[in-house]
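Residue-level structural notes
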There are 2 protein chains.
Amino acid sequence: MSQGRLTLPIETGIDEQIRELAQRLQPDAVRNSDGTELPEIAHELVDKVYSTYFPARGDNEWADKLPGQRVCQYLMSEPVTAQTSEPLKIDVMEGYFAWQFAPDLDCDRAKYWQVIDRTTGQTLPVDAWSLDPSEVQYPDAAKLAAKPGPKDSESKSAIVTIHKPQRYHVYTVNFLARQIWDSTQMYNYLTNDWALDPKRRRDRTYDVEYPQVWAHVKESLAQWLDAHPEVDVVRFTTFFYHFTLVFDDRARERYVDWFGYSASVSIPALEAFEQRYGYALTPEDFVDAGFYNSPFRIPSAHYRDWMEFTGQRVREKTAQLVKMVHAQGKEAMMFLGDNWIGTEPYSEDFEQVGLDAVVGSVGNAATCRMISDIPGVRYREGRLLPYFFPDVFNDEGDPVGEARASWRAARRAIIRKPLERIGYGGYLSLALKYPKFVDEVERIVTQFRQLHDKTGGRAPAASRVRVGVLNAWGSLRSWQTHMVAHALPYRRTDAYVGVIEALAGLPFDVRFVSFDEVKAGALQDLDVIINAGSAGTAFSGGEYWADPDLLTRVREFVARGGGFIGVGEPSALPESQTRTCGNVFALDDVLGLDIERDFGLSRHLYTQVTADHFVTRDLTERFDAGPAVEGVFATRGGAEVLDSPEGGVSLAVHEYGAGRAVYFSGLPYSVTNARLLHRALYWAGGCEEAFERDWTCDNPAIEVAYYPNVSLLAVSNITDQPQEGVIHGEGKTLSVQLGADDLVWLECE
Amino acid sequence: MSQGRLTLPIETGIDEQIRELAQRLQPDAVRNSDGTELPEIAHELVDKVYSTYFPARGDNEWADKLPGQRVCQYLMSEPVTAQTSEPLKIDVMEGYFAWQFAPDLDCDRAKYWQVIDRTTGQTLPVDAWSLDPSEVQYPDAAKLAAKPGPKDSESKSAIVTIHKPQRYHVYTVNFLARQIWDSTQMYNYLTNDWALDPKRRRDRTYDVEYPQVWAHVKESLAQWLDAHPEVDVVRFTTFFYHFTLVFDDRARERYVDWFGYSASVSIPALEAFEQRYGYALTPEDFVDAGFYNSPFRIPSAHYRDWMEFTGQRVREKTAQLVKMVHAQGKEAMMFLGDNWIGTEPYSEDFEQVGLDAVVGSVGNAATCRMISDIPGVRYREGRLLPYFFPDVFNDEGDPVGEARASWRAARRAIIRKPLERIGYGGYLSLALKYPKFVDEVERIVTQFRQLHDKTGGRAPAASRVRVGVLNAWGSLRSWQTHMVAHALPYRRTDAYVGVIEALAGLPFDVRFVSFDEVKAGALQDLDVIINAGSAGTAFSGGEYWADPDLLTRVREFVARGGGFIGVGEPSALPESQTRTCGNVFALDDVLGLDIERDFGLSRHLYTQVTADHFVTRDLTERFDAGPAVEGVFATRGGAEVLDSPEGGVSLAVHEYGAGRAVYFSGLPYSVTNARLLHRALYWAGGCEEAFERDWTCDNPAIEVAYYPNVSLLAVSNITDQPQEGVIHGEGKTLSVQLGADDLVWLECE
């Protein structure tokens, strides 16, 4: 077994066990975790010692003196219907978690709060309502289940009184709230039932927009670096602003947006924004009618400005911290997640932050590619699952099964675009109680090192078909489209996430391209474009498709020989546009398909299904589109339908000029569906004759990666069952038999 | 067995069989059908002889001389994408059936044709395109299956050339087309493979808007009346304008709207319209981007004007024909359907037409109520299924089963609101070959006559809960909401049609109320309102719900003690409105529910299901919402959820002020779902304690109608299986056992 490329979490008190494990797994780095300390033996075992570092939380005694310098967040109260025209009272904190937020009552409410009549959409004049501080209503213990607790000194609420509401109109209050507890720490505390542990102190936030805070953050890092000569890698977890994560009054997650910028707000920042952009943002620019600019929303110009503004300021400050780390001869590593807002690795100028590395949690193939494709750092590390936490490592849990499933998904991506390192996190003492789990880790680490040892860490050959995934965000959301929260499954995104998950392990060069880039000519570097998503979302495109220029460019691209793959409701127009043009899919001509809204039911639809096609040739059972859209139909003389269960067309192909289009009503990830997409991309790219030449196996459960530099094939069984099949490539054939989850290396000379 | 109330179709050549059957079934009226002649024995058998009469078709030799006086219809060409900026040619008849339509090339194309760039929504100036007559491209015989045929002398096409199209824009031509074959006759001919029969002549249409035609129509009727003293009842089938029915180039239905006014167009009428309304309608007012103003569309002001205009003119002319019939001592009966446009029985002033009766086809309970509730005529007749046509009466067909199923559905409605008469249609000689079918007819006729004999034809007692079904059309669409074509099933309407089908047999006074009427105060006469439909349709309401006045009235109605039942996407707002107010259901506060669009996925939804509730008390298995909407969730502190399968809430209840709301994600008709609606109406109406007092059976398969005038209960088994149950009413209980489909009469003193 070779060495290195592996980070293990270690802790004090189990030195002998750590030594034995290190001997066996040969890690080259160790780390602590939230709640553990590094033992002194660390450097005896490995080259590098990581330490987590939280720049903007944790110095609670200092922070307690500055309650006005918390990071703020815009929230919307529950909507309240006025049942009479008598004064209407709204408790703004109703439904929110009193340990997480407190309304900011010190600010200029005329500017930083906003009361909206949601029935008319009108903002009320500031003299139409008044504001009174109020005791926060702590929910009773029963409602909180096992998580009641003492009051927090900073917790409070406020009552807004609307003096003369209109009867039966609905009102909301947009209010600035202070984040009085760091969101990730809160999540960890609630998950581990630490919230009532008197030994643990809840971390306050503080906002680097305030000069006093920023000076303190820098000073603290300087002191910490001096005090920790044993640390080689400062693992920032993370920087200043958390993604949007809101808890409800029963301490359950209420709103989560892994990409959200709602929690990066402060009055100094809003003032600086106004100065620089020449206009003031309103609370509603953040609240967005309660949708909080989720990445599924078509981004507004104001929100884009705020993202740009925040990103530039955060990166500028982060670069200063990284310089301090480098000045001490240490490396700076960023954790991908938590307080990562403003340092998204696919944002512009990310490289200028100067980080050495990024580490992120691997939830599946897509999240793995999200890490391994990051530009502008020297190395990338994937933290594999499961995290060594009691939620999995217990008598009912299945740590071995979780490790296998996680690696099965991640390996597809790692083969395509190798991570430089892998690692684990959590409490090693807990994991060591499960010897079979340690065996499994050994198997995983061995397979991972082989990839580097056999190929020099190079990526395998990619198909000549260059793929672009269209969306409103472009490359900023590389491998992140349709993600609500990191790798969490959602029934309604299943149909679309599967496309990204499949692509993450398929042999294609993939780019994420915005509609604006398409209008600026980006299609010239692509062979097939994918548009996957539900109507009205940033991923399908919504009102972008009402733009004749965009339509013309895409139609021309396909008509001249390009490929278009639509999933779900591709190019779906806003309803107002459908009323004047008659179709729902703007590209109904390209797809040869449209979708039936109920006001179009009077049209008769006739569907004939084609039995055999290149795209479906490896299907052994019927295509499963999952909980997909219904009502899709072939237009007159339009698409060739490959499957049409009750409810409408689920799979179809269409030729358009010299180009081709493929449609899936949904494409949840499965071995079979990944193969369908693989074939669809070859067919849409007009090179189906190359499919067998490019090293593929006739069994979709076996994926093949070809390394021309070393004339090797990495042949992987991507299922938990034994598989066999015949591999074709460059006119040769090879029969293979693989055990469950096997990875084998074959020479292909 | 008692007598009368029954109309039988008879024909020549089977006199003896007809006599025997008349002895057995005791009809009091006979009729001919399309393709049969009345035998001379007719008057010997019955009191009344009906004869079909077609006022505006059939005099083909005369009509051939006036090809310019056909009824016209607006059609939209297939959309065509310009692949270059070279002149673009569009054959307007492509995809249409050459025997049905021919473009009108004689009219002023600047005014009566319209070329639209559908990519921009702009109408092209008339000098941007030119028009050339063209031979119609008859499809080849293979494409037409068994229905090819000779050319029609009036068939033709036209090529529109757009001189300088914009590359990759999509163009359509709205064109005025002459109807060269009557649509119902075409349907019958195609269905029966008569189209190539040299003995049969295809009926031309002619439009009574032309003075020459109108004079001829009146003269022909006068002559016919003189020539047919044996006829007692002139059964108009029907008047002047057919509902919208368009065939494709393979002679299949392409577009059908049983309520459509697209086929009532002529240049004189358009000119008279402009004169009267002060503005000219454009072709697009009819074409409506290809949706042709289907009743699912929110009606436009222009379309409403056209309906009013056409209705007034048709009723005025129809009244003249009816007067002529009455002057001869005969009765005038209207067939509900076919060329019925302008004489819809729930339209204003229908009564002034002066008809004696209406007869219609009974497809289910809802279509039965559509007939039996008609105001302003002396009697109403339901033509039961099956029609005696070879499509059912053959070796594979099941005429007995169809008759049973049809009666099972219709009887629920007839018990609630008795029809005066029933009847059959088609070829008696065919039906007589199936003796078991004749037995079944005897059973049906017996049950029908009992209703009249036992109760004097009165309606049974109704619940005190008065029900209003909200929709954009109001009473005009009584019992016709969500209907595409008469009683035909559509997967996407199943969830909503079930509400109407259930209501048609439940003991409630039901009204169909428009949103405009609600704004004018109509809610004061109602106890529970139902809003059922998909977002953006006339039945859910679409942009109506953006009106604060409507919202205020409905909220106030419920808050003060009214009931609201929502099905599917009730009160769903247009997407643009959702963006500013945050909710999809405008009445999310009343329902305590909203629906998740994909840009709202970041919200966490927690659903807890209540096990027991008054509404679900008779459910023995899980609620089946059919192919219903997904993504519905209870708002914070909102609805009590009664069922929530994977995908979202399917059934919930909510209290709002002093009132109550019930939600179903879909309610396809079934015995169980009808009972759910029955209970939901009592609960929403706040009188659930009256449910057992009002005569109900604990088995939902047994429906009970209570006749206070005669102290009788009509107890019907609405299934094809034996049933037993306990009936409660006014504090009494009765145990009953019923055979399949039984109707029994019990005294309840």
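Residues numbered from 1 in each chain as written. Chains lettered and ligands numbered in written order. Predicted model: local features only at pLDDT ≥ 70, side-chain atom pairs only at ≥ 80, totals over all residues. Heavy atoms only, no water.

Chain A goes by 1,3-beta-galactosyl-N-acetylhexosamine phosphorylase in an unreviewed UniProt entry, where it is assigned to Gleimia hominis.

1. Here we look at the relation of the copies chain B and chain A
In screw terms, the move from chain B to chain A is a rotation of 180° and a rise of 0.0 Å along the axis, fitting with an RMSD of 0.0 Å. As the rotation angle and translation indicate, the two copies are arranged about a two-fold axis. Distance from the rotation axis, computed per C-alpha, reaches its smallest value in chain B at B:Glu575: 3.8 Å. Comparing interface residues between copies, 100% of those in chain B also sit at the interface in chain A, which points to an isologous, same-surface contact. (Least-squares fit on C-alpha atoms with pLDDT ≥ 70 in both. Contact = heavy atoms within 4.5 Å.)

2. Regarding the UniProt feature "domain: Lacto-N-biose phosphorylase central" (unreviewed entry) in chain A
In the numbering used here, UniProt assigns the feature "domain: Lacto-N-biose phosphorylase central" (unreviewed entry) to residues 466-688 of chain A. In residues 466-688 of chain A, the share of helix is 23% and the share of strand is 21%. The end C-alpha atoms are 14 Å apart. (UniProt positions renumbered as here; feature names shortened; annotations may be inferred. Helix = DSSP H or I, 4+ residues; strand = E, 2+ residues; numbered from the N terminus.)

3. Some remarks on unusual backbone geometry
All names here are of chain A. Put simply, Thr237 and Thr238 share a cis peptide bond, and its omega is -10°. With respect to the element layout, Thr238 can be found in the loop between strand 13 (233-236) and strand 14 (244-247). Notably, Glu730 is not glycine yet its phi reads approximately 50°, a positive angle. Inspection of the secondary structure assignment puts Glu730 in the loop between strand 32 (723-729) and strand 33 (732-738). On the basis of relative accessibility, which here comes to 42%, the residue Glu730 falls in the partly exposed class. (Buried < 20%, exposed > 50% of the residue type's maximum accessible area, 1.4 Å probe, protein only.)

4. Re the state of the cysteines
Each disulfide consists of a covalent bond between the sulfur atoms of two cysteine residues. Residue and element names in this part refer to chain B. Under the defined criterion, the tally for this structure stands at 0 disulfides over all chains. The cysteine Cys687 is free of any disulfide, with Cys697 supplying the nearest cysteine sulfur at 19 Å. Judged by relative accessible area, Cys687 falls into the buried class, the value being 1%. (Disulfide = S-S within 2.5 Å.)

5. A word on the pattern of salt bridges
One pass over the full model with this rule turns up 115 salt bridges over all chains. The residue A:Arg202 makes a salt bridge to A:Asp152 at a minimum N-O spacing of 3.5 Å. Here A:Asp152 lies in the loop between strand 10 (129-134) and strand 11 (157-162) and A:Arg202 lies in the loop between helix 5 (183-191) and helix 6 (211-227), a separation of 50 residues in the sequence. Note on accessibility: A:Arg202 and A:Asp152 belong to one class, buried. With a shortest N-O distance of 3.3 Å, B:Arg404 and B:Glu440 are connected by a salt bridge. With a gap of 36 residues between them, B:Arg404 in helix 11 (residues 399-416) and B:Glu440 in helix 13 (residues 435-455) connect regions that are remote in the sequence. Here B:Arg404 falls in the partly exposed class, since its relative accessible area comes to 25%. Residue class for B:Glu440 comes out buried when judged on its relative accessible area of 5%. Among the charged side chains, a salt-bridge network with shared partners connects A:Asp64, A:Arg70, A:Asp152, A:Glu154, A:Arg201, A:Arg202 and A:Arg204. (Salt bridge = Lys/Arg side-chain N within 4 Å of Asp/Glu carboxyl O.)

6. Notes on the sheet that holds strand 11 of chain A
All names here are of chain A. If you walk across this open sheet you meet the 3 strands as 6-11-10, and the pairing is antiparallel. One side of each edge strand has no neighbouring strand; the edge strands of this open sheet are strand 6 (88-91) and strand 10. Along the sheet, successive strands turn relative to each other by an average axial angle of 20°, direction set aside. The pairing of strand 6 with strand 11 spans 4 bridges and is antiparallel. (Pairing = 2+ DSSP bridges. Axes fitted to C-alpha atoms, helices over the stretch in contact; angles between N-to-C directions.)

7. Remarks on the sheet that holds strand 34 (residues 743-747) of chain B
Residues and elements named next belong to chain B. Pairing is antiparallel in the open sheet, where 3 strands are placed in the order 30-31-34. This sheet does not close on itself; its edge strands, each paired only once, are strand 30 (702-707) and strand 34. Taken over all neighbouring pairs, the strand axes of this sheet differ in orientation by 20° on average, direction set aside. Sheet topology note: the strand 30/strand 31 (residues 712-717) ladder contains 6 bridges and is antiparallel. Within strand 31, the residue paired with Ala705 across the bridge is Ala714. Relative to the sheet, helix 13 contacts strand 30, strand 31 and strand 34, its axis offset from that of strand 34 by approximately 20°.

8. Here we look at the packing of aromatic side chains
Applying the stated criterion across every chain yields a total of 94 aromatic pairs over all chains. Look at A:Trp99 and A:Trp181: their rings are 6.0 Å apart centre to centre, the planes differ by 65°, and that puts the pair in the edge-to-face class. Of the two residues, A:Trp99 sits in the loop between strand 6 and strand 7 (101-103) while A:Trp181 sits in the loop between strand 12 (170-179) and helix 5, which places them 82 residues apart along the sequence. The rings of A:Tyr53, A:Trp214, A:Trp224, A:Phe236, A:Phe239, A:Phe240 and A:Tyr241 are connected pair by pair, giving a single aromatic cluster. The lysine or arginine in question, A:Arg297, covers the ring of B:Phe599, its NZ or CZ lying 4.8 Å from the ring centre. (Phe/Tyr/Trp six-rings, centres within 6.5 Å; stacked < 30°, edge-to-face > 60°. Lys NZ or Arg CZ within 6 Å of the ring centre and 35° of its normal.)

9. Here we look at the nonpolar core
Of all hydrophobic cores here, the largest spans 242 residues; its most connected members are A:Trp113, A:Trp306, A:Leu503, A:Trp545, A:Ile565, A:Phe664 and A:Leu677. Residue contacts for A:Leu677: discarding those within four places in its chain leaves A:Val499, A:Ala502, A:Leu503, A:Leu506, A:Ile565, A:Phe664 and A:Leu667. One finds B:Phe286, B:Val314, B:Ile565 and B:Val567 within the second-largest nonpolar core, a separate group that totals 241 residues. (Core = buried A, V, L, I, M, F, W, Y, C linked by side-chain atoms within 4.5 Å.)

10. Notes on the environment of B:Pro700
Residues and elements named next belong to chain B. For Pro700, the location among the structural elements is in the loop between strand 29 (696-697) and strand 30. In the structure, Pro700 is positioned 18 residues away from Ile718 in sequence and 8.8 Å away in space, judged by C-alpha atoms. Sequence-distant contacts of Pro700, that is, excluding residues within four places in its chain, are made with Asp618, Val671, Arg675 and Ile718.

11. Here's the deal with the packing of helix 7 (residues 267-277) of chain B against helix 9 (residues 301-327) of chain B
Residues and elements named next belong to chain B. Between helix 7 and helix 9, the least distance of the axes is 11 Å, while the angle of their chain directions is 110°. When the interaxial angle is binned, helix 7 and helix 9 end up roughly perpendicular. The chirality of how helix 7 crosses helix 9 is right-handed. When helix 7 is examined against helix 9, the residues Ala269, Leu270, Ala272, Phe273, Arg276 and Tyr277 are found in contact with a partner set consisting of Asp305, Trp306, Glu308, Phe309, Gln312 and Arg313. Of the residues belonging to the contact of helix 7 with helix 9, the class tally is 7 nonpolar, 1 polar and 4 charged. (Parallel < 35°, antiparallel > 145°, perpendicular 65-115°, else oblique. Left-handed = near helix turned anticlockwise from the far one by under 90°. Nonpolar A, V, L, I, M, F, W, Y, C, P; charged D, E, K, R; others polar.)

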